[in-house]
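# Structural characterization, general
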Amino acid sequence: MMSENARGFPLLQELPHPHTTTNPSVTLSDLTPGRYVDTVVRVVLIRSRESEDELGRRPYIFGIAEDSTFRAPFICYKPYQMFFKDSVFKFENAYVHEFEDHSLLLVLTEHSKIEYLPEESAEDYLWQPKIGSIRRPLGYCRVTLEGIISKVYGSSGLVKRCE
């Protein structure tokens, strides 16, 4: 099992080295933990942070990425990388880390390539979640589902939790 820092992120020096072959290009809903992947996403949120370990203080970027199929947090250890909110990027050689709750994190290391795609429409990568399409925990991502309850089934457990 890979160890994590105080915030729960994987320690960079313990990630497996990426392969030199081409990675599969996948959507966020098809991410496989423990693999390096290529994916095209819309960046929804970006935050600059700093962490400290035995090597000293180092900056990193934390963000939320989404495509039309899912949403996942990412961490980038290339602090000089420029990200733009609501813009589309191609992540190459992104490592997929899985937490104990089975939520995922994309880790962009010094071996990752990040390409800004200004010609891509951010609207094409907008995730519009539906209850049945959320197949794994979202971890750091928060989702609000709005709608009208049209029917409550007696054996669903919903009634018991609402009493």
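Structure: see above.
Residues numbered from 1 in each chain as written. Predicted model: local features only at pLDDT ≥ 70, side-chain atom pairs only at ≥ 80, totals over all residues. Heavy atoms only, no water.

Assigned secondary structure in the protein chain consists of 1 helix and 6 strands. Taken from N to C terminus, the helices and strands of the protein chain fall in the order β-β-β-β-β-β-α. Counting across all 163 residues of the protein chain, residues that qualify as buried make up 40%. Long-range pairs, those at least 24 residues apart, make up 61% of the contacts in the protein chain between residues at least 6 apart in sequence. Here the protein chain has roughly 10,000 Å² of accessible surface; of this, 50% comes from carbon and sulfur atoms. (Helix = DSSP H or I, 4+ residues; strand = E, 2+ residues; numbered from the N terminus. Buried < 20%, exposed > 50% of the residue type's maximum accessible area, 1.4 Å probe, protein only. Contact = heavy atoms within 4.5 Å. Areas by Shrake-Rupley, 256 points an atom, 1.4 Å probe, with all protein chains shown as cover.)

Turning our eyes to something else, we now look at the pairing of strand β3 (residues 71–76). Burial analysis of β3 places 6 of its 6 residues in the buried class, which makes it a mostly covered element. Of the two faces of β3, the one holding Arg71, Pro73 and Ile75 and the one holding Ala72, Phe74 and Cys76 are both buried throughout. When strand β2 (residues 56–66) meets β3, the two strands line up antiparallel, connected through 6 bridges. Within the sheet, the bridge partner assigned to Ile64 lies in β3 and is Pro73. (Pairing = 2+ DSSP bridges.)

Turning our eyes to something else, we now look at the packing of aromatic side chains. Taken as a whole, this structure holds 10 aromatic pairs when the rule is applied. Taking 5.3 Å as the distance between ring centres and 45° as the angle between the ring planes, the aromatic pair formed by Phe74 and Phe83 counts as tilted. The same class applies to Phe74 as to Phe83, namely buried. Look at Phe83 and Phe89: their rings are 5.3 Å apart centre to centre, the planes differ by 55°, and that puts the pair in the tilted class. (Phe/Tyr/Trp six-rings, centres within 6.5 Å; stacked < 30°, edge-to-face > 60°.)

A word on the environment of Arg58. As for its placement among the helices and strands, Arg58 is situated in strand β2. By relative accessible area, Arg58 is classed as partly exposed at 22%. Considered as a pair, Arg58 and Tyr77 are 19 residues apart in the sequence and their alpha carbons are 8.6 Å apart.

Turning to unusual backbone geometry, a few remarks are in order. Although it is not a glycine, Asp86 sits at a positive phi angle of roughly 60°. Relative to the elements of secondary structure, Asp86 occurs in the loop between β3 and β4 (87–98). Looking at Asp86, the relative accessible area reads 39%, which means it is partly exposed. The phi angle at His102 is positive, at roughly 75°, despite the residue not being glycine. Along the chain, His102 falls in the loop between β4 and β5 (104–108).

By the bridge criterion, 7 bridges tie strand β1 (residues 36–53) to β4 in an arrangement that is antiparallel. Residue pairing for β4: Val40 is matched across the bridge by Lys90. Bridge analysis of β1 against β2 gives 11 bridges, and the strand direction is antiparallel. Counted as the bridge partner of Glu52 is Arg57 from β2.

So, about the side chain of Ser103. Positionally, Ser103 belongs in the loop between β4 and β5. Classification of Ser103 by relative accessible area gives buried; the value is 3%.

Turning to the side chain of Ser87, a few remarks are in order. You can see Ser87 is positioned in strand β4. With residues up to four places along the chain from it excluded, the contact list for Ser87 reads Val41, Arg42, Val43 and Tyr116.

What is shown is where atoms sit, not what they do.
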